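Survey of secondary and tertiary structure
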Amino acid sequence: MNLNFYTLSVIYLVYSFLGWVGETVVATIKGRQFTNRGMASGPFCFVYGTAGVLLAVGLADLRTNWLALFAGSFLIATVVEWVTAKFLERVHHRRWWDYSGKKFNLDGYVCLQYSVLWGVLGAVSVRWGNDLLLRLCAVFPPLLFHIAVWVSMSIAALDQISAVVVVERYAAKHPRFEQLGQELGKGKSRLQQKIAASVERRIQKAYPEAARPEPTTTAEKAMSFSDLVWLFVVGAFLGDVVETIFCRVTAGVWMSRSSLVWGPFSVVWGLALVLAAVLLRGSERKSESRIFWFGVILGGAYEYVCSAVTELLFGTVFWDYSGFKFNLGGRINLLYCFFWGIAAVAWIRYGYPLVAKGMNKLKTHIRPWMTAALAVFMAVNMGVSALAMARYDARTSGVEAATPLAVFLDAHFDNARMERIYPNAKKVEKAE
């Protein structure tokens with residue numbers, strides 16, 4: 001199955017629709033009246049589409065192994081549901097669903113019986129569903145198919161943006177935003193007002209937990225853009241240092257572990273620490289064993305998805321754990337998942353408080369232009385790194401430089417330099 005923008009868009013849209021159908025049918029049967037379970041104006045639950053895309057990208061090479069396929073689907077879908085629920089509660093201070101009354105639940109966000117169901121459905125969709133779906137799409141003429149995908153994705157994007165705006169009305173802790181929404185509402189057309197009112201009524205009926213007036217969590221001071229930028233850079237730097245020292249101790253060699261062409265930065269670690277700070281703040285009071293298992297599960301799923309996405313984008317494997325016991329597709333292994341758990345405990349208990357304290361002290365010395373300059377540098381660094389890796393992949397495939405950009409990349413990032421920066425990267429051999 002050839003995964004690209006068009007095929008992934010179809011998977012995203014179709015599973016978003018099927019997820020809405022499933023949720024609506026179950027809610028309607030339970031409530032004995034029609035209950036529309038989507039937040040968007042259209043018949044979509046986009047969290048299902050997101051999970052479908054991640055499963056298609058991440059588990060494509062496990063399609064023949066039912067046990068691994070179920071385990072991967074179980075893990076990824078559970079993490080997507082947990083992260084979505086946690087993020088919504090973190091932003092709006094209200095739960096959108098609550099499984100606290102079910103056995104074997106985790107903070108009320110996920111529960112074992114639904115995770116098992118997601119594992120089964122995910123395995124079936126990856127093994128058979130995606131191929132069937134794309135064979136049906138192949139019936140359409142390519143031009144018509146591409147136009148339909150672009151139009152559908154544009155409508156879906158607008159629908160999601162409008163849903164986010166409407167959902168923000170429930171953010172009672174943001175009076176300035178609500179006041180702004182009221183001012184903008186004065187100029188709304190009747191159609192816009194009807195759509196907004198319809199979505200609000202839908203949310204109140206389908207997600208009563210989110211519509212109730214009292215918050216389910218106490219509001220915490222939101223992290224600013226500046227905090228996130230500096231936290232990402234600090235995390236990326238520390239991650240690179242830790243991995244470099246680890247390779248020196250275990251393999252006896254100094255090896256570059258950077259994700260970027262300029263500077264010792266590991267993007268995977270930077271993003272991981274930002275996500276941990278955003279999603280796990282307030283977890284300091286939980287037991288260390290609980291934080292550890294959070295780190296094992298979330299870290300393992302995160303590393304697996306990062307491996308699959310980078311392989312899809314660049315056709316290159318940046319790490320391979322096939323030689324380790326208890327590995328999943330060579331993308332993750334049990335030992336390193338335990339390392340993620342240890343890192344979670346160390347970060348929540350000691351790392352983040354120290355970094356946050358240091359950042360608070362430095363805030364008086366950090367000017368806005370410094371943060372802006374750092375953000376621009378990291379954005380350019382990641383953009384150039386992606387282009388250099390894509391050109392490296394094309395160059396090793398025998399593709400000659402045909403544009404000024406390609407000539408520039410060949411001159412500044414030749415094979416020798418790329419191999420020094422990414423010593424473990426190897427090109428994926430694709431079956432004909």
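Residues numbered from 1 in each chain as written. Predicted model: local features only at pLDDT ≥ 70, side-chain atom pairs only at ≥ 80, totals over all residues. Heavy atoms only, no water.

Check the secondary structure of the protein chain and you find 15 helices and six strands. Counting over 432 residues, the protein chain shows a buried share of 43%. Split by element, the accessible area of the protein chain, about 23800 Å² in all, is 68% carbon and sulfur. (Helix = DSSP H or I, 4+ residues; strand = E, 2+ residues; numbered from the N terminus. Buried < 20%, exposed > 50% of the residue type's maximum accessible area, 1.4 Å probe, protein only. Areas by Shrake-Rupley, 256 points an atom, 1.4 Å probe, with all protein chains shown as cover.)

The topology assignment puts Gln160 in helix 5 (residues 142-167). Along the chain, Gln160 and Cys45 lie 115 residues apart, while their C-alpha atoms are 9.9 Å from each other. Each residue touching Gln160, except ones within four places of it in the same chain, is listed here: Tyr12 and Phe46. (Contact = heavy atoms within 4.5 Å.)

The description of two aromatic rings rests on the distance between their centres and on the angle between their planes. Enumeration over the complete set of coordinates arrives at 24 aromatic pairs. Ring geometry for Phe5 versus Tyr6: centroids 5.3 Å apart, planes at 75°, classification edge-to-face. Exposure remark for Phe5: the relative accessible area of 37% places this residue in the partly exposed category. Centre to centre, the rings of Phe246 and Tyr336 are 6.0 Å apart; their planes meet at 80°, and the pair counts as edge-to-face. Placement of the pair is Phe246 in helix 9 (residues 225-251) and Tyr336 in helix 12 (residues 334-362), with a sequence separation of 90 residues. Looking at Tyr336, the relative accessible area reads 17%, which means it is buried. Three or more aromatic residues joined by ring pairs make a cluster, and in this case those are Phe246, Tyr321, Phe324, Tyr336 and Phe339. When the ring centre of Tyr304 is taken as reference, the NZ or CZ atom of Arg331 above it lies at 5.6 Å. (Phe/Tyr/Trp six-rings, centres within 6.5 Å; stacked < 30°, edge-to-face > 60°. Lys NZ or Arg CZ within 6 Å of the ring centre and 35° of its normal.)

Okay, the pattern of salt bridges next. This structure, assessed with the given rule, holds six salt bridges. Put simply, Glu288 and Arg349 hold a salt bridge, and the shortest N to O gap is 3.5 Å. Of this pair, Glu288 sits in helix 11 (residues 288-314) while Arg349 sits in helix 12; the two residues are 61 residues apart in sequence, bridging distant segments of the chain. Accessibility expressed as a relative area gives 41% for Glu288, which makes it partly exposed. Under the relative-accessibility criterion, Arg349 is labelled partly exposed at 23%. Residues joined in a network through salt bridges with shared partners are Arg391, Arg395 and Asp410. (Salt bridge = Lys/Arg side-chain N within 4 Å of Asp/Glu carboxyl O.)

The next thing to look at is the packing of helix 2 (residues 46-58) against helix 4 (residues 112-137). The contact between helix 2 and helix 4 brings their axes to 10 Å, and the two run at 60°. In terms of their interaxial angle, helix 2 and helix 4 are classed as oblique. The element helix 2 and its partner helix 4 pack so that their crossing is right-handed. Contacts between helix 2 and helix 4 pair Tyr48, Leu55 and Ala56 from the former with Trp118, Gly122, Val126 and Asn130 from the latter. The residue makeup of the contact of helix 2 with helix 4, split by class, is five nonpolar, two polar and no charged. (Axes fitted to C-alpha atoms, helices over the stretch in contact; angles between N-to-C directions. Parallel < 35°, antiparallel > 145°, perpendicular 65-115°, else oblique. Left-handed = near helix turned anticlockwise from the far one by under 90°. Nonpolar A, V, L, I, M, F, W, Y, C, P; charged D, E, K, R; others polar.)

This next bit is on unusual backbone geometry. Positive phi, close to 55°, is recorded for Phe104, a residue that is not glycine. Within the secondary structure layout, Phe104 lies in the loop between helix 3 (66-92) and strand 1 (105-106). Residue classification places Phe104 among the exposed residues on the basis of a relative accessible area of 66%. The phi angle at Phe326 is positive, at roughly 55°, despite the residue not being glycine. Here Phe326 is to be found in the loop between strand 3 (316-317) and strand 4 (327-328). Taking the relative accessible area as the measure of exposure, Phe326 reaches 66% and is therefore exposed.

Counting residues in hydrophobic clusters, the biggest one holds 58 residues, and the most contacted among them are Leu59, Leu62, Trp82, Leu231, Tyr304, Trp347 and Met378. When residues in this core are grouped by element, the largest group, ten residues, is from helix 3. With near-sequence residues (within four places) excluded, Met378 lies in contact with Phe232, Val233, Leu260 and Phe265. Judged by nonpolar contacts, the second largest core, of 22 residues, contains Tyr336, Trp340, Phe413 and Ile421. (Core = buried A, V, L, I, M, F, W, Y, C linked by side-chain atoms within 4.5 Å.)

Looking now at the environment of Ser73. Position of Ser73 among the secondary structure elements: in helix 3. It is 8.8 Å that separates the C-alpha atoms of Ser73 and Ser115, two residues lying 42 residues apart in sequence. Among the polar contacts made by the side chain of Ser73, one reaches the main-chain carbonyl oxygen of Leu69 at a distance of 2.8 Å. (Polar contact = N/O pair within 3.5 Å; in protein donor to acceptor, adjacent residues only side chain to side chain.)

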